[in-house]
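# Observations on chain architecture
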Amino acid sequence: MTHFSERVEQVSISGIREVFEAAGEDAINLGLGQPDFPAPDHAREAAVEAIRAGDADAYTSNKGTRELREAIAAKHARDNDLEVDPANVIATSGGSEALHIALEAHVDANEEVIYPDPGFVSYEALTHLAGGTPKPVGLREDLTLDPADVERAITDDTAAFVVNSPANPTGAVQSPDDMREFARIADEHDVLCISDEVYEHIVFEGEHRSPMEFAESDNVIVINAASKAYSMTGWRLGWVTGSEDRIERMLRVHQYSQACASAPAQYAAEAALSGPQDRVTEMVDAFEERRNVLLEGLEDMGLETPTPKGAFYAMPKVPDGWVEEVIDRGVVIVPGRAFGDGGQGYARISYATDLEQLKAAIDVMRAATAAVQ
Ligand code: PMP
């Protein structure tokens, strides 16, 4: 008899995938979680050069090349005002692997992991895979996570809580005061704060601050990636930054499951991090323009939408049957409930699509709204 682990039986394939499969070939896809821009040329070239020179054929150090980790440390100094030793960074296969090794290294069987609901789908799934117990926490009206709610949810069994700002699926940006509170909570309750900062650069209003800047203990670790900042989702290159002890434990998981991140991708990410950053600004400007067009369209239809201040998602409150109606009419969006019970009654719309398609999709949504009302 085939036997599967209880842990894996608690996880199913993401609801997002189901929506894509239901969509027709000509559908406009507003379901995707990746920027629609090319990766920077200098990143691609660096990988090509490394491949041609034969520098990318072998395993790198388990943590990643020294040069990449130095570029990540320089990025922390530049963007987060954090002094990070390159030894305290592990390059991973995307932010996804970084989240995975963080939970594997810190969560014991039946320990609790607190995360935002609605929230990125991996938090619940990876908690199950680590043998832990998911503890989703609902959001404020503006779809940010209230530190007070996190603090209330902490028990003796809490191993970690996840903060994600700017957030998927809401586009919400936590205030610097919130981030300071998250750091205090991690310090005072001696629980780990996993700060998922993969959308760090995509902020239109407010300011991104990392809770790591405010923590007095080593109870904050940061997850980040080249994926969203440089439109490099396919390259699979992320990282985790933490204290020496924590990095050493996460490295045990990474060493046996991954050995090292893909070498060509490491060269590309090093160049992306160290080279000109104008592509990032270009992308953020384009996202902001699209966000404004989408928000205006949604408001016109009478759909209440908490203003997304970052990332490239909007999450309007939608009437029953709206998501299905929009998908039937050829625009792929994701029902909010795919991101947790707290997403019920919402839809996630990704605007990582050019303006022309976005405007066509808004027309479809307007017709769908009229049809279901
Ligand atoms: N965190 C969040 C909040 C995300 O939205 C994603 C990707 N959708 C990831 C982590 C993982 O990113 P990567 O592609 O680098 O694995």
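Just so you know, the residues in each chain are numbered from 1, in the order the chain's sequence is written. pLDDT decides what is reported in this predicted model: residues at 70 or higher carry local features, side-chain atom pairs at 80 or more are listed and counted, and totals for whole chains, interfaces and linings draw on all residues regardless.

## Brief notes about the pairing of strand β4 (residues 133-137)
A regular strand places its side chains on the two faces of the sheet in alternate fashion. Here the rule is simple: two strands pair whenever DSSP picks up at least two bridges between them. Here a strand is any run of E in DSSP of at least two residues, a helix any run of H or I of at least four, and the numbering for each starts at the N terminus. Relative to β4, strand β3 (residues 112-116) runs parallel, the two sharing five bridges. Across the sheet, residue V113 finds its bridge partner in β4, namely P134. By convention a crossover is right-handed if, when the strands point away from the viewer, the path from the first strand over the helix to the second runs clockwise. Since β3 and β4 lie parallel, the crossover through helix α6 (residues 122-129) that links them has a hand, and here it is right-handed.

## Notes on the domain arrangement of the protein chain
For the protein chain, the assigned domains are domain 1 (6-39 + 278-372) and domain 2 (41-274). These domain limits were set by an automatic method or by a database of domain assignments. Its C-alpha centre places domain 1 at a distance of 24 Å from the equivalent point of domain 2. Contact between two residues is assigned when their C-beta atoms, built from the backbone, lie within 7 Å. With 34 residues of domain 1 at the interface, the matching set in domain 2 holds 37 residues. Those elements giving two or more residues to the side of domain 1 that touches domain 2 turn out to be α13 (278-300) and β9 (313-314). In terms of residue count, the dominant contributor to the side of domain 1 that touches domain 2 is α13 (six residues). When residues are grouped by polarity, Ala, Val, Leu, Ile, Met, Phe, Trp, Tyr, Cys and Pro land in nonpolar, Asp, Glu, Lys and Arg in charged, and all others, Gly among them, in polar. In terms of residue class, the side of domain 1 that touches domain 2 is made up of 19 nonpolar, nine polar and six charged.

## Side note on the site of the ligand
Residue proximity rests on one test: whether the C-beta atom, placed from the backbone, lies within 6 Å of the molecule or strand. Taken together, the neighbourhood of the ligand is formed by 13 residues, with G94, G95, S96, A225 and S227 sitting nearest. The greatest single-element share of the shell around the ligand, amounting to three residues, is contributed by helix α5 (residues 94-106). By residue class, the composition of the shell around the ligand is three nonpolar, nine polar and one charged.

## Observations regarding the environment of F37
Note on placement: F37 falls in the loop between β1 (28-29) and α3 (41-52). Each C-alpha atom of the pair F37 and M212 lies 30 Å from the other, and the pair is 175 residues apart in sequence. Residues contacting F37, with those up to four places away along its chain left out, are S231 and M283.

## Side note on the sheet that holds strand β12 (residues 347-350)
With antiparallel pairing, three strands are arranged side by side in an open sheet as β9-β12-β11. Only two strands of the sheet have a single neighbouring strand rather than two, namely β9 and β11 (334-335). Relative to β12, β9 runs antiparallel, the two being bridged by two bridges. Counterpart to Y313 in the pairing with β12 is S350.

## Digging into the sheet that holds strand β5 (residues 158-164)
If you trace the seven strands from one edge of the open sheet to the other, you get β2-β8-β7-β6-β5-β3-β4, paired in mixed fashion. The sheet terminates laterally at β2 (89-92) and β4, the two strands that pair on one side only. The sheet shows a mean angle of 20° between the axes of neighbouring strands, taken without regard to direction. In this sheet, strand β6 (residues 192-196) lies alongside β5 in parallel orientation, the contact comprising five bridges. Helix axes are fitted only over the stretch in contact, all axes being lines through C-alpha atoms; the angle between N-to-C directions runs from 0 to 180 degrees.

## Focus on helix α11 (residues 244-257)
Expected helix span is given by 1.5 Å per residue-to-residue step, counting one fewer step than there are residues. When the terminal C-alpha atoms of α11 are compared, their 20 Å separation across 14 residues agrees well with the 20 Å that a helix rising 1.5 Å per residue should span. To sort residues by burial, count the other C-beta atoms lying within 10 Å of each one's C-beta; a count of 20 or more means buried, 12 or fewer means exposed, and anything in between means partly exposed. C-beta atoms are built from the backbone. For α11, the full list of buried residues reads R246, I247, M250 and H254. Positive phi appears at A259, one or two residues downstream of α11, with a value of about 70°.

## Description of unusual backbone geometry
Working note: non-glycine residues mostly have negative phi, and peptide bonds are mostly trans. Put simply, D117 and P118 share a cis peptide bond, and its omega is 5°. Locating P118 in the fold gives a position in the loop between β3 and α6. Of note, the bond from S165 into P166 is cis; its omega dihedral lies within 30 degrees of zero at -15°. If you trace the backbone, P166 turns up in the loop between β5 and α8 (176-189). Residues other than glycine seldom take positive phi values, yet D81 does so here, at roughly 55°. On the secondary structure map, D81 appears in the loop between α4 (66-80) and β2. With 11 C-beta atoms packed within 10 Å, D81 lands in the exposed category.

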